[in-house]
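Commentary on secondary and tertiary structure
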There are 2 protein chains.
Amino acid sequence: MFTFANRHFSLSATLTIGFVAVILLGTLLLTLPISTAHGIQSSFITALFTATSATCVTGLTLVETSTYWSFFGQFVIMMLSEIGGLGFMTFMVLMFTSSRRKLRLSTQLLAQESLNLQHLSQIKLVKMIVGLSLGIQGIGAILLSFNFYPKYGLLKSIWFGIFHSVSAYCNAGFSLFNNSIAEFQNNTYVLVILGLLILSGSVGFLVWRDLLTYHKRHHLSLHTKLSIRTGFIILVGSIALYTLTEEGFSNISPHTSIFHKIVNILFMAVTPRTAGLVTFDYTHLSMAGIFLTMILMFIGGTPGSTAGGIKSTTIGLLAIQTWATLRGHHDVNFSGRRFPRENIYRALTLVIVAFLIISIATFVLCMTQPLAQKMGVEYIIFEVLAAFGTTGISLGLTTHLTLFGKIIIMLMMFIGRVGIFNVMYTALNAKNHQSDIRYPEEGVLIG
Amino acid sequence: MFTFANRHFSLSATLTIGFVAVILLGTLLLTLPISTAHGIQSSFITALFTATSATCVTGLTLVETSTYWSFFGQFVIMMLSEIGGLGFMTFMVLMFTSSRRKLRLSTQLLAQESLNLQHLSQIKLVKMIVGLSLGIQGIGAILLSFNFYPKYGLLKSIWFGIFHSVSAYCNAGFSLFNNSIAEFQNNTYVLVILGLLILSGSVGFLVWRDLLTYHKRHHLSLHTKLSIRTGFIILVGSIALYTLTEEGFSNISPHTSIFHKIVNILFMAVTPRTAGLVTFDYTHLSMAGIFLTMILMFIGGTPGSTAGGIKSTTIGLLAIQTWATLRGHHDVNFSGRRFPRENIYRALTLVIVAFLIISIATFVLCMTQPLAQKMGVEYIIFEVLAAFGTTGISLGLTTHLTLFGKIIIMLMMFIGRVGIFNVMYTALNAKNHQSDIRYPEEGVLIG
Ligand SMILES: [K+]
Ligand SMILES: [K+]
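Residues numbered from 1 in each chain as written. Chains lettered and ligands numbered in written order. Predicted model: local features only at pLDDT ≥ 70, side-chain atom pairs only at ≥ 80, totals over all residues. Heavy atoms only, no water.

By the naming in an unreviewed UniProt entry, chain A goes by Trk family potassium (K+) transporter, ATPase and is assigned to Ligilactobacillus pobuzihii.

Dropping the structure here:
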């Protein structure tokens, strides 16, 4: 037990420290004069912010990626995104399969599997995830390049294809065009490919494993069932609500054809959960649309994927628990399974800590960040949530951030990506100590 | 078991329906021409909104209480506040002592008590609470009247004393002066009395019982310990943070003496949790101060008191649970006691549902509420939280609300006061059915 706890601590710490190391290496590379388009040395804070944003697959930028950075600089950004996205995913496999402490559930999953069928070894699973991810990104890059070719020529279209395929799959949110991907607002082909890449990257390794081995195992884990169900509900819900708030995209672009409006609404519903590529300026969104986007960024995507936020399964689990409590049920059940108490406590802890961190960041920015005339408090909250959700959509505050503000936003991106638990476990050096003394129960009045 | 569940349902329903009945009766009285200062009939929606705001001890107003309503109308408002505040408190005693289903903990509390010492009967406790409350309000009224006498003469000063003592103790937030109690910004005597009345009303009946019987029982319940501890931390925290955000009140009123600045900061820290009497226009607050006030309104006061919001014990419980989970502890302990799982699940449910309701209300208002030029989205969120926390401070949106907006804010006040669980139990007609089938446990990946 003790060794498992220790092992988990060391995994959390390795992940956290590993991310710091990658970010610092990226910063070093980006401060080289060779990294900028004009061969001048970038300021340390710009390099650090960009490296953090890339590694944490967020996409908030202080400078235009297309014009400020050289090819080398852009290549560094792409590699950082790939390490941040794919590296994190494979690391989570390691964590999931080795650590008993973190996932008591994993033992159950594995137990079931070894009973029913051949279970995948750790190495095999990592290989499968990496192979699949690179394969999908490769196909995406080729398909995108075809479309870019007529306008950008051979070399540039290949480069753009690769960069945006990686950026979309890793949900990094970086773009080499002006204003994210606004110029493709009416290009259904590109939007569909990017949308599929985003979705592929955001389902997470556990879901991929279950789907890929389903023909052999005929079994989906509870995690996969809950992820898919929650993701589907959130997606359909956001399509419906964005259609409502933006009057079917007419608010944003009245003269677009109905078909393109539908495509853009679909893309809009996919991107805030963590992708960050946008087809228009989000300051044109209605107030209700901005509020909805904030909620979606807070939720984020599936755990073990390229997503940030508190994660869709957390919301799904809490929704099921809430409903059970309101109905007076004692157990929290879903799809013929009962959730362990620890699972619910972890979800609860995650939400509370996330809420606390977001509140503190917002409060501190409110106190320290001067705002331009037209900007309200929503600019700050949106920016904080975009960083925490590693979504990277901004209402335009990023370039106005003070040094202090930049540090806060970098911290939010880091926590959003590495995960509250990993950061906290590392910071608190937590062990799973069951206290010897157990106190008698006594409750308090609630609500 | 079944009867207890039924009994609890009937209590929740009685409370919910009772509040509706009181509000409707109040509305009827306020639509009488005798209720308005000019003897004209008030519109139905104005009467309904005012009756809801008074009964739910919120204090949001569409019209100036001092000039729009007659003495009779103001008397109705005061009586509605008293029923909403004190009536609710005594009803909670009934609920607490009779219902086994809602408070499994109550059995434990009672068991302990009957072991250790003579426990208070239900009737005795109700009598004690009512007597104490009326006593405190009486003293408050006399003390306030003394101060009002030189300016307002005998009759008016007595009336103002009674009205504001009731309004403060019941945390109703109504005032017969212009701009709430702004004219007393430099009147320490009045602010201290009002502050003490507010605090007395917001500690809740369980804390009062424990404190009043301490000389005999030498025992504080876990609830009382947690309430006092949490309340103290929140109070000290908000004093410190308001001092910081408002630069020691200099932001709001630069020429006030230091002593009066301190008194105003103290009053500011007390009022948002549920009272709603304010010494200045909250639009002058800094952005960080507004954000802090929102958080405090969301939290609210102690359960079983005149407070709204999700309640201080909920926050305290969740904070302790979160810390325990992060430290890897299995049990959630406080002061030599372990919290039952159900208690934590209830707290969790409360926060999730509150968050959901607030989000929906904000979203719908964002979609339907036209805003004046200078108003940002914070005007909407602030208004929703002021209603849910039954705090009643407004940035000025109340009088601009559309009919639809008024209905939403009324619903928020109602839910904030009657309580999410009571409203939900009534709406869902929930029973405590332990299902016969118990499923095997399986967890999902979180965060
Ligand atoms: K992103
Ligand atoms: K109030």
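1. Comments concerning the overall build of chain A
In terms of regular secondary structure, chain A is built from 18 helices and two strands. Out of the 447 residues in chain A, the part that is buried amounts to 62%. Considering only intrachain contacts with a sequence separation of at least 6, the fraction spanning at least 24 residues in chain A is 73%. (Helix = DSSP H or I, 4+ residues; strand = E, 2+ residues; numbered from the N terminus. Buried < 20%, exposed > 50% of the residue type's maximum accessible area, 1.4 Å probe, protein only. Contact = heavy atoms within 4.5 Å.)

2. Some words on the packing of aromatic side chains
All told, the structure shown has 38 aromatic pairs over all chains when counted by the stated rule. Ring centres of Phe148(A) and Phe177(A) lie 5.5 Å apart, and the angle between their planes is 65°; this geometry places the pair in the edge-to-face category. One end of the pair, Phe148(A), is in helix H6 (residues 122-152); the other, Phe177(A), is in the loop between helix H7 (154-169) and helix H8 (188-202), with 29 residues separating them in the sequence. Assigned by exposure class, Phe148(A) and Phe177(A) land together as buried. Between the aromatic rings of Tyr345(A) and Tyr345(B), the centroid separation amounts to 6.4 Å while the plane-to-plane angle is 80°, which identifies the pairing as edge-to-face. Here Tyr345(A), found in helix H15 (residues 341-368), pairs with Tyr345(B), found in helix H15 (residues 341-368), and the two come from separate chains. By relative accessible area, which is 6% here, Tyr345(A) ends up buried. What links up through ring pairs into an aromatic cluster is the set Phe298(A), Phe355(A), Phe388(A), Phe298(B), Phe355(B) and Phe388(B). (Phe/Tyr/Trp six-rings, centres within 6.5 Å; stacked < 30°, edge-to-face > 60°.)

3. Some thoughts on the coordination of the potassium ion (ligand 1)
All names here are of chain A. Protein coordination at the potassium ion (ligand 1) comes from Val-57 (O), Thr-58 (O), Asn-171 (O), Thr-274 (O), Ala-275 (O), Thr-390 (O) and Thr-391 (O), with a distance range of 2.6 to 2.9 Å. If you list the donors of the potassium ion (ligand 1) from N- to C-terminus, the spacing comes out as V-T-x112-N-x102-T-A-x114-T-T. Of this pair, Thr-58 sits in the loop between helix H2 (44-55) and helix H3 (65-68) while Thr-274 sits in the loop between helix H12 (258-270) and helix H13 (287-299), and the two are 216 residues apart along the sequence. Both residues of the pair, Thr-58 and Thr-274, belong to the buried class. (Donors = N, O, S within 2.8 Å, 3.2 Å for Na, K, Ca; no water.)

4. Some thoughts on the coordination of the potassium ion (ligand 2)
Residues and elements named next belong to chain B. Around the potassium ion (ligand 2), the protein contributes the donor atoms Val-57 (O), Thr-58 (O), Asn-171 (O), Thr-274 (O), Ala-275 (O), Thr-390 (O) and Thr-391 (O), at 2.6 to 2.9 Å from the metal centre. In the primary structure, the donors to the potassium ion (ligand 2) are separated according to the pattern V-T-x112-N-x102-T-A-x114-T-T. With Thr-58 in the loop between helix H2 (44-55) and helix H3 (65-68) and Thr-391 in the loop between helix H16 (377-388) and helix H17 (403-418), the pair connects residues that are 333 residues apart, well separated along the chain. Neither residue differs from the other here; Thr-58 and Thr-391 are each classed as buried.

5. Section: the packing of helix H11 (residues 222-245) of chain B against helix H14 (residues 312-326) of chain B
Residues and elements named next belong to chain B. Between H11 and H14, the least distance of the axes is 9 Å, while the angle of their chain directions is 90°. Judged by the angle between their axes, H11 and H14 are roughly perpendicular. Each of His-223, Leu-226, Ser-227, Thr-230 and Ile-234 in H11 lies in contact with H14, whose residues at this interface are Ser-312, Thr-313, Gly-316, Leu-317 and Ile-320. Looking at the contact of H11 with H14 residue by residue, the class counts come to four nonpolar, six polar and no charged. (Axes fitted to C-alpha atoms, helices over the stretch in contact; angles between N-to-C directions. Parallel < 35°, antiparallel > 145°, perpendicular 65-115°, else oblique. Nonpolar A, V, L, I, M, F, W, Y, C, P; charged D, E, K, R; others polar.)

6. Comments concerning a nonpolar patch on the surface
Residue and element names in this part refer to chain A. On the surface, Ile-139, Ile-142, Leu-143, Phe-146 and Tyr-189 cluster together into a nonpolar patch covering about 500 Å² of accessible area. No other element matches H6, which puts four residues into the nonpolar patch. Secondary-structure assignment places Ile-142 in helix H6. (Patch = residues over 30% accessible without salt bridge, like charges linked within 9 Å, V, L, I, M, F, W, Y side chains within 5 Å. Areas by Shrake-Rupley, 256 points an atom, 1.4 Å probe, with all protein chains shown as cover. Salt bridge = Lys/Arg side-chain N within 4 Å of Asp/Glu carboxyl O.)

7. Structural notes on the pattern of salt bridges
All names here are of chain A. Taken as a whole, this structure holds two salt bridges over all chains when the rule is applied. For Lys-151, the salt bridge is made with Glu-183, and the minimal N-O distance between the two is 3.2 Å. One end of the pair, Lys-151, is in helix H6; the other, Glu-183, is in the loop between H7 and H8, with 32 residues separating them in the sequence. Accessibility expressed as a relative area gives 61% for Lys-151, which makes it exposed.

8. Here we look at H17(B)
All names here are of chain B. With 16 residues, H17 should cover 22 Å at 1.5 Å per step; its first-to-last C-alpha distance of 22 Å lies within 8% of that length. Across the 16 residues that make up H17, a large majority, 12, are buried. The set of residues buried in H17 consists of Gly-405, Lys-406, Ile-408, Ile-409, Met-410, Met-412, Met-413, Phe-414, Ile-415, Gly-416, Arg-417 and Val-418. A positive backbone phi angle near 100° is found at Gly-419, which sits one or two residues after H17. (Expected span 1.5 Å × (residues − 1).)

9. Focus on the side chain of Ser238(B)
Residue and element names in this part refer to chain B. Checked against the element boundaries, Ser-238 lands in helix H11. Among the polar contacts listed, one links the side chain of Ser-238 to the backbone oxygen of Ile-234, at a separation of 2.6 Å. Setting aside residues no more than four positions away along its own chain, Ser-238 makes contact with Ala-269, Leu-292 and Leu-296. (Polar contact = N/O pair within 3.5 Å; in protein donor to acceptor, adjacent residues only side chain to side chain.)

10. Quick word on the side chain of Asn187(A)
Following the sequence through the fold, Asn187(A) ends up in the loop between H7 and H8. Separated by 3.2 Å, the side chain of Asn187(A) and the backbone nitrogen of Val190(A) make a polar contact.

11. Thoughts on the environment of Asn171(B)
Residues and elements named next belong to chain B. By secondary structure assignment, the location of Asn-171 is in the loop between helix H7 (154-169) and helix H8 (188-202). Note: C-alpha distance between Asn-171 and Ser-200 (29 residues apart in sequence) is 9.6 Å. Setting aside residues up to four positions removed in sequence, Asn-171 forms contacts with Val-57, Val-166, Ile-198, Gly-201, Ser-202, Thr-274, Ala-275, Thr-306 and Thr-390. A distance of 3.3 Å separates polar atoms of two side chains, one belonging to Asn-171 and the other to Thr-306.

12. Section: unusual backbone geometry
A positive phi angle, near 45°, is found at Thr390(A), a position not held by glycine. Topologically, Thr390(A) is positioned in the loop between helix H16 (377-388) and helix H17 (403-418). What makes Thr390(A) buried here is its relative accessible area of 0%. If you check the backbone angles, Lys311(B) has positive phi at about 85° while not being a glycine. You can see Lys311(B) is positioned in the loop between helix H13 (287-299) and H14.

13. What about H7(B)?
Residues and elements named next belong to chain B. Counted at 1.5 Å a residue, the expected span for H7 with its 16 residues is 22 Å, and the 22 Å between its end C-alpha atoms agrees. For H7, the full list of buried residues reads Ser-157, Trp-159, Phe-160, Gly-161, Phe-163, His-164, Ser-165, Val-166, Ser-167, Ala-168 and Tyr-169. Positive phi appears at Asn-171, one or two residues downstream of H7, with a value of about 55°.

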